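# Chains, contacts and geometry: an overview
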Amino acid sequence: QVQLVESAGGLVQAGGSLRLSCAASGSMFRINIMGWYRQAPEKQRELVASVTTLGITNYADSVKGRFTISRDSAKKTVTLQMNSLKPDDTAVYYCSADIQTSQTSPNFRFWGRGTQVTVSS
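This structure is a prediction, so every number in the text was calculated from the model and none was measured.

### A short note on the packing of aromatic side chains
Throughout the structure, instances matching the rule amount to two aromatic pairs. The interplanar angle of 65° and the centroid separation of 4.9 Å between the aromatic rings of Tyr37 and Trp111 together place this pair among those described as edge-to-face. Here Tyr37 is found in strand S4 (residues 30-39), whereas its partner Trp111 is found in strand S10 (residues 108-111), with 74 residues between them in sequence. The class for Tyr37 is buried, based on a relative accessible area of 15%. When the centroid spacing of 5.0 Å and the interplanar angle of 70° are considered together, the rings of Phe108 and Phe110 count as edge-to-face. Lying over the aromatic face of Tyr94, Arg45 brings its terminal NZ or CZ to 3.7 Å of the ring centre. Of note, Arg45 hangs over the ring of Trp111, and the distance from its end group to the ring centre comes to 4.7 Å.

### Focus on the pairing of strand S8 (residues 77-82)
Of all six residues that make up S8, six are buried, and the element is covered over most of its length. Of the strand pairs in this sheet, strand S3 (residues 18-25) and S8 are connected by six bridges, and their pairing is antiparallel. Across the sheet, the residue bridging to Arg19 is Gln81, located in S8. Bridging between strand S7 (residues 67-72) and S8 involves six bridges; their strand directions are antiparallel. Of the residues in S8, the one forming a bridge with Ser70 is Thr79. Hairpin geometry of S7 and S8 is characterised by an intervening segment of four residues between the two adjacent antiparallel strands and by a positive phi of about 60° at Lys76.

Cut-offs and rules
- Residues numbered from 1 in each chain as written.
- Predicted model: local features only at pLDDT ≥ 70, side-chain atom pairs only at ≥ 80, totals over all residues.
- Heavy atoms only, no water.
- Phe/Tyr/Trp six-rings, centres within 6.5 Å; stacked < 30°, edge-to-face > 60°.
- Helix = DSSP H or I, 4+ residues; strand = E, 2+ residues; numbered from the N terminus.
- Buried < 20%, exposed > 50% of the residue type's maximum accessible area, 1.4 Å probe, protein only.
- Lys NZ or Arg CZ within 6 Å of the ring centre and 35° of its normal.
- Pairing = 2+ DSSP bridges.

Structure representation (structure tokens):
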């Protein structure tokens, strides 16, 4: 019913930039917080950045000053602009959105399938 679709990631050299986007579709009453997570090989999934409905952002310490998250609530999209990329940023990146599918439904976190970002040295 609800689906999150990420844009393709890619391969970029250290110091380069990449932009990820994610679009939510399907029947929903409200989208609350949206964000990006990532998972490197043999590591736990971690929060990269999030943004609330009021535009309040939160970033992992490792990406502060380099990444920027933004959202377009009307279009139901969230974007992650990644600059000054490092090899440690290599991971599968997942879009997330906390969504109520109806006014009486609980808030539920939906996930995209993930997209690979590889940063070479």
